[in-house]
Each structure stands twice: as C-alpha cells, then as structure tokens.
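Below, each chain spelled out in residue letters.
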Amino acid sequence: MARSSTTFFCQSCGHEALSWSGRCGGCGEWNTLVEAPKAQATPSAKGGGRGAVAGKPVALRDVSAPPVDRLRTEISELDRVLGDGLVPGSLVLLGGSPGIGKSTLTGMALGNLGAAGHRVLYVSGEESAAQVRLRAARLGEAALAVPALAETSLEAVVATLEAERPAACVIDSVQTMHSGRMTGAPGSVGQVREAAGAVMEVAKRIDCAVILVGHVTKDGAVAGPRVLEHLVDCVLFFEGEKERSFRTLRALKNRFGATSEVGVFEMRSGGLVEVEDASARFVAEASAAPGSVVLSSMEGTRPLLVEVQALVAPTEIVPPRRVANGIDRNRLAMVIAVLARHGGPSLAGADVFVNVAGGVRVEEPGADLAVALALVSAQRGEPFADPAGRPLACFGEVGLTGELRAVGHADRRVAEAIKFGLRPVIAPAGAEAPAGADPQTSLRAAIRAALGRRRGPVERAA
Ligand code: TYD
Ligand code: MG
C-alpha cells in the first residue's frame, strides 16, 4: 500500500501524528490536530547538515532592492489601504462576512487593472462563470473584460496561473479550493493552508499579485482566513453591516504599508463607490437629539467624523443590557463604570445601547469621551448640540481614575471638526492644545463643559 503523503500536526504545540485523534498526544489539547502534507526532505536536509554549503550573509545596504512598480487598482481607497497599490508577487488576504462585497471589490479592481493593460485572472470557486458575469455586468465594461475561471481544484488553478502568467489574480474564495493530495473537505484548516501555500509558491515564481478572498464568520474563529494571517503579506478586512450601505476596508497586517489605514465605500447599484469625504456624510446625518455626539476619530492617517449615539432606558432586568455596535463592548463597560465613579450618572438600573452610526467600527481609545458624553446626554434626555443645532464634537481617552488622556493627532482631529463648523471640540488638555479645542483634564470637567455649551453664551453669562 502506498504510504500516505499527509500527516497530522498539532496547531498548538507542533506535535506530529500519523493519524487524526481528538486529543493531541503531545500537549493534550483537544481538537488541535490538522492535516497537512508531509514536508519533502530537501537534499541538503538529507545530508543532515554535513556537507551542506554555508550561506554567505550580506550587509543589508549591499542587498539589491530594485524599486517595484506597484499595480494601482485605481480604486483610491483600496490603493491607500494597500499602501499605494498591489505589490507584484505579494499575497493579500481579503476577509469579510458573506455578502459584504468582496467579490464586487475584487471584480472592480481586476477590471481596472485589466483596462490599464495588465494581465489579470479571476478564479471563482464559489460561483459559476455565468454568475460572475451577472455581477460584472452591473460593474461595467472593464469588469466584463476580465478573464474568469470557475474552478475549485487547486492543482488546476496553479496550472492555469503558470500558463496564463497574470500580473494580478483573485481567488474567490480560498475556502472553496480543494487539493486532491489531501483528504480534508474544502474549507478545512489543512486545505486552506495547502491552497494558500501552493498559490503563494507559484505567485512568487511568476511575480503575480494574488488576492485571496476568505469568508469569516462573526467570531472569525472558524477554519478559515485567520489561519493564513502569518503566511500572507497583507490582511485586509472588509466590514460593515450588510443592511447598511457603508463599508469599511482596513488593513490588519501590511508588510508594505501602514496598518491603520481605512477605506470607506458605499454599496450602490453599480458596485462600490468610494466615499472620499466620509466625514461630510456622517456629520450631515448626525442629529442634534439627546444621546448624539460627534466623535473626531483617526482612521489611519485620516481624520474621520462619526456620530456616536446612545440610548439609556430604565430596566428591571438584572444584569441590565449593554449593547455596543461599532465599539468594543469592554470599553463600553469601562466607560460606564468610570462615569458612575467620576462625575457622571450611575447607569446600574438601565439598559445601555451605544451605536456608531453608518455601520462604522471605531477601534481607538479616543472614542471613550464621545461614548461617555453620549451616555450623559442620553441619560439626561438633553441634547448637547449648541443653540444653533450643531452637534457636539469631542475625542479623548478616558482613564480609570477619571482623567482625560491625550490621543494622537489632536491637531488634525480638531481641524477636521472645524472644517464642518463643529467648534469648540472638547479634547484632552495636552502639551499644545490646538486652536479651536476646548481642553479638559478630566471626564468630570468635560461633562461640565458639554453641559455649559448647551446653554449658550447668553445664559452662561447670566
Ligand atoms: P458580493 O460582492 O457578492 O459579496 P461577497 O463576495 O462579499 O459575498 O456582493 C454582495 C452584495 O452586494 C449583494 O447582496 C448584492 C450587492 N450588490 C449591489 O448592491 N450592487 C452591485 O453593483 C453589486 C455587484 C452587488
Ligand atoms: Mg463572493
């Protein structure tokens, strides 16, 4: 009988086993064994190190690094998140929940690259060529010109890549690729790793930039893209609420650019449209109602104004509900606790809902103050808008002792708010408070400033 060409290894300790079992014999963890092809012994490894030729290290300054021409997708939000376009030969993982628009975005990108004269290839393992065509028809002529292949066999895809030698290729999705050399079902950890590894090998050889599309479930834990994160050069995450039209694209890892960049898109009938002036959109939608505050956040190198909304409703339920959309639940819990101890209302007997409008996610500590002030406003049932109806803008991290801590790029945050007529901006008192800021040292003081602002200058003087 032919010996099996695969083996099983533990994802947590690396223990190797000949057959699968529920529990790793090495570390005793459950459900950590995954199937992987046996490593081929290389000739030098066979020699056990003896007789192998020693490598010669080179000073980094003497390493030749020819400047690479990046492939611009002409979708400026995507290019910016990638760090100015795709790097030839690189592997990009684009994750996101189903229906968010991954196929749309990649289809548009390939269409633009094709129109610019690059060879492109769209591999669909999820949809038939006819279905891909239907989508492309909505996206326009450029997307219709993209050569597509409906295929799930990994070996066939690799062979096609070698024959076609495209400059950019999309594999939609990596979970549908199936290698005949392995027994696992498509989408299993072993298959996904094998697919990514094989594609990476050929991509580097033919200098093709590959975008691997991957589905993630809500918790992101299912055998899928997460196991590839260390393997690929760049991990992009496409998110937003499916029912809402706004989508954000962010880089979680990028070997060729900043990871904090965010692109904002809107899903329309003709595909994704870039939202270049996202602040204008979000501020225009902001209301001057109780519980609404505008947060001046930084998304990568770009300031972004978003509306933070809160609702506080008395409840009998124990423990009361804390629902957070667009911000971290733990940070919400912390802000609620600090409010209760340092100058804010106690929300112990109330359900609390906090929402970042527009389906945006804010993942920076600078959001704390906006959440706190939105909660205060909601609890009191009083808007923080000024007498002219303009919403209150703020930012700042709230510390556990009730102090307001500085966050990065205060000047740009304030400038962005002023651009939309929102001033003064309640901000942490820093070394240099930018003009237009209303610097405060503590949460208590910030709440007082917000309440004072509401009354307007005339009443305040009285
Ligand atoms: P899709 O790119 O297929 O999502 P994914 O590949 O991430 O699963 O697109 C998902 C949704 O976008 C789908 O419900 C239809 C909608 N859509 C539009 O609203 N306008 C369009 O032009 C296109 C192509 C799709
Ligand atoms: Mg899709």
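Computed from a predicted model, the values in this text were never measured in an experiment. (Residues numbered from 1 in each chain as written. Chains lettered and ligands numbered in written order. Predicted model: local features only at pLDDT ≥ 70, side-chain atom pairs only at ≥ 80, totals over all residues. Heavy atoms only, no water.)

(A) Inspection of the pattern of salt bridges at higher detail. Using the criterion set out here, one finds 20 salt bridges in the structure. Among the salt bridges present, the one from R321 reaches D351, with a minimum N-O distance of 3.6 Å. One end of the pair, R321, is in the loop between β14 (302-314) and β15 (322-325); the other, D351, is in strand β16 (residues 350-356), and 30 residues separate them in sequence. Note on R321: relative accessible area 44%, which makes it partly exposed. (Salt bridge = Lys/Arg side-chain N within 4 Å of Asp/Glu carboxyl O. Helix = DSSP H or I, 4+ residues; strand = E, 2+ residues; numbered from the N terminus. Buried < 20%, exposed > 50% of the residue type's maximum accessible area, 1.4 Å probe, protein only.)

(B) Here's a closer look at the nonpolar core. Among the nonpolar cores identified, the biggest contains 63 residues, and L332, V354, L373, L375 and I426 are the most heavily contacted of them. Take this core: its biggest share by element is nine residues, from helix α10 (residues 368-380). Apart from residues lying up to four places away in sequence, V354 is in contact with V308, Q309, A310, V323, A324, N325, I327, L332, V371 and L375. With 33 residues, the next largest nonpolar core counts L110, L113, A143 and A209 among its residues. (Core = buried A, V, L, I, M, F, W, Y, C linked by side-chain atoms within 4.5 Å. Contact = heavy atoms within 4.5 Å.)

(C) Representation of α10 within the structure. Taking 1.5 Å per residue, 13 residues should reach 18 Å; α10 reaches 18 Å between its end C-alpha atoms and fits that length. In terms of burial, α10 is largely enclosed, as eleven of its 13 residues are buried. What α10 keeps buried is the set D368, L369, A370, V371, A372, L373, A374, L375, V376, S377 and A378. Directly beyond the C-terminal end of α10, a positive phi value near 70° is found at G381. (Expected span 1.5 Å × (residues − 1).)

On their own, these measurements won't tell you what the molecule is for.
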